[in-house]
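Residues per chain are reported as follows:
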Amino acid sequence: ADEEGRPLREKVLPGIHANRRTFNSVALEIGIPTEARLALMNHSAPGVNGKHYSNAQTWDLLRDAAERIEAALRERLGMPPLAAPANVRPLRRAA
């Protein structure tokens with residue numbers, strides 16, 4: 001742990017699957033729902049419930065999840081946050 005009690009993390013891991021594991025681990029740490037994590041990783045949900053009854057994803061939800069994961073990864077790597085592109089419309093928020 002560092003001086004503030006946070007767990008130490010590697011900045012660079014070997015192998016292509018390390019990227020997928022890191023993406024999933026960071027998404028899990030920041031509270032991205034399982035269905036969104038699986039969709040963003042192009043995985044199907046396990047079991048009958050996941051395969052037949054959990055297709056409630058919206059593009060806005062997935063984009064929000066992807067942006068949150070990217071921000072967390074950039075923070076972990078000590079990179080500055082990205083500015084929002086001018087041509088992207090804001091997310092619609094459910095009431």
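Here the structure is a predicted model, which means the values were calculated and not measured.

What counts and how
Residues numbered from 1 in each chain as written. Predicted model: local features only at pLDDT ≥ 70, side-chain atom pairs only at ≥ 80, totals over all residues. Heavy atoms only, no water. Salt bridge = Lys/Arg side-chain N within 4 Å of Asp/Glu carboxyl O. Helix = DSSP H or I, 4+ residues; strand = E, 2+ residues; numbered from the N terminus. Buried < 20%, exposed > 50% of the residue type's maximum accessible area, 1.4 Å probe, protein only. Core = buried A, V, L, I, M, F, W, Y, C linked by side-chain atoms within 4.5 Å.

### Remarks on the pattern of salt bridges
- Applying the stated criterion across every chain yields a total of 2 salt bridges.
- Glu29 is paired through a salt bridge with Arg76; the nearest N and O atoms lie 2.7 Å apart. Residue Glu29 is found in helix α1 (residues 16-29), and its partner Arg76 is found in helix α4 (residues 59-76); the two are separated by 47 residues along the sequence.
- One salt bridge connects Asp60 with Arg63, and the closest N-O pair in it is separated by 4.0 Å. Here Arg63 and Asp60 lie together in helix α4, a separation of 3 residues that amounts to about one turn.
- Using a relative accessible area of 10% as the deciding quantity, one classes Asp60 as buried.

### Examining the nonpolar core
- Among the nonpolar cores identified, the biggest contains 6 residues, and these are Ala27, Ile32, Ala36, Leu62, Ala65 and Ile69.
- For this core, the element with the most residues is α4, which contributes 3 residues.

From the geometry alone we can't say anything about function, so treat these as descriptive.
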